[in-house]
Structures are given as C-alpha cells and as structure tokens.
Amino acid sequence: MNKISQNIGRTELVLEWKLMGEDYIVTLKGGREHVGAVAVGLYDAGTKISTSSVISLPGHREENIALNSARKISSYTHKTTVFMAGIHLDDITREEIDNIVETSEDIVDRFIELLEENV
C-alpha cells in the first residue's frame, strides 16, 4: 500500500491507498484507528460530475472528511473511490478538530498531486 503521513499535534494522520482494478481504496487514520465513516465517490462520464455517498457509524464524526475526499478523488481520477476514515483522540478540542479537517484536506490534495506526477 502507498502512504502519505503528516504529524499534527498529538497524532499522525496517515493516508494509504491501493488500486482495486482501476478503482481506488483509500484510508485515512489517526490516533486510535477505527472505521468511523466510509464513502464511495463515483464519476459520471455523461454529466462529468462526481457524487459521493457516506455511511457514518453512530457517534463518529468523520462523515464530511470521507464524503468530500471520496468525491474529490473520483472527480480527479474519473474512477470509483472508496474512502474510509477513522481518527480518534481522547478529549479532542475544537481547535484539534479544525486542524485535523484542514490537514486531511491537505493530505488528499497531496495524494492527487502524486497521481498527477505519475500520469
């Protein structure tokens, strides 16, 4: 599996990916790893629009990270993308949440840049 990681405060965020046929399986984890949300991004060649759907486990808040990341990756790759997110820090603060969301977006952008470099 390929990997990008970045230290942020009390944890390290790790994005890993692999191809399944032509489609992408991507995970983003940090702190105490788990599955908090799973999203699927789909690209419609006819409309040239990417959409995504998410399942979030009760009590977890990774829904927007997974939903937006799956859509963004499928929009760039034109491939189906499954994106799983699980990030947990005990006694997390609002500032830590905001930093994790921002860093997650940065890591996904770095992933897309790597794909562009390898095309």
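Just above sits the structure.
Here's a quick rundown of the structure. (Residues numbered from 1 in each chain as written. Predicted model: local features only at pLDDT ≥ 70, side-chain atom pairs only at ≥ 80, totals over all residues. Heavy atoms only, no water.)

Along the backbone of the protein chain there are two helices and six strands. Sequence-ordered secondary structure for the protein chain, helices as α and strands as β, is β-β-β-β-β-α-β-α. Computed over C-alpha atoms, the radius of gyration of the protein chain comes to 14 Å, within 12% of the 14 Å expected from 2.2 N^0.38 for 119 residues, which places it in the range of a compact globule. Overall size of the protein chain, expressed as C-alpha extent along the three principal axes, is 45 × 30 × 20 Å. Looking at the 119 residues of the protein chain, the share that counts as buried comes to 37%. (Helix = DSSP H or I, 4+ residues; strand = E, 2+ residues; numbered from the N terminus. Rg over C-alpha atoms; globule rule 2.2 N^0.38 Å. Buried < 20%, exposed > 50% of the residue type's maximum accessible area, 1.4 Å probe, protein only.)

Along the chain, valine 26 falls in strand S3 (residues 23-31). Judged by its relative accessible area of 0%, valine 26 falls in the buried class. Once the C-alpha coordinates of valine 26 and alanine 85 are considered, the two residues, 59 residues apart in sequence, prove to be 8.6 Å apart. With sequence-adjacent residues up to four places away left out, valine 26 is seen in contact with Leu15, Glu16, Trp17, Ile73, Thr81, Val82, Phe83, Met84 and Phe111. (Contact = heavy atoms within 4.5 Å.)

On to the sheet that holds strand S2 (residues 11-20). The mixed open sheet is built from six strands, whose spatial order is S1-S2-S3-S6-S4-S5. Only two strands of the sheet have a single neighbouring strand rather than two, namely strand S1 (2-8) and strand S5 (49-56). Averaged over all pairs of adjacent strands, the angle between their axes in this sheet comes to 15°, without regard to strand direction. Running over the sheet, helix H2 (residues 94-117) touches S1, S2, S3 and strand S6 (81-88) and is turned about 150° from S1. (Pairing = 2+ DSSP bridges. Axes fitted to C-alpha atoms, helices over the stretch in contact; angles between N-to-C directions.)

If you look at the biggest cluster of nonpolar residues, it comprises 24 residues, and the most contacted ones within it are Leu15, Val26, Phe83 and Phe111. Elements with a contribution of two residues or more to this core: S1, S2, S3, strand S4 (37-44), helix H1 (63-77), S6 and H2. Here this core takes six residues from H2, the largest share from any one element. Once residues within four sequence positions are removed from consideration, phenylalanine 83 is found in contact with Leu15, Val26, Leu28, Ala37, Val38, Ala39, Ile65, Ala66, Ser69, Ala70, Ile73 and Val108. (Core = buried A, V, L, I, M, F, W, Y, C linked by side-chain atoms within 4.5 Å.)

Bringing the packing of H1 against H2 into the picture now. Taken N-terminus to C-terminus, the directions of H1 and H2 make an angle of 15°; their axes are 11 Å apart at the nearest point. Considered as vectors, H1 and H2 are oriented roughly parallel to each other. Considering the relative orientation of H1 and H2, their crossing is right-handed. Residues Ile65, Ser69, Lys72, Ile73, Tyr76 and Thr77 of H1 lie in contact with H2, whose contacting residues are Ile100, Val101, Ser104, Val108, Asp109, Phe111, Ile112, Leu115 and Glu116. Here the contact of H1 with H2 is composed, by residue class, of nine nonpolar, three polar and three charged. (Parallel < 35°, antiparallel > 145°, perpendicular 65-115°, else oblique. Left-handed = near helix turned anticlockwise from the far one by under 90°. Nonpolar A, V, L, I, M, F, W, Y, C, P; charged D, E, K, R; others polar.)

In short, shape yes, function no, at least from these values alone.
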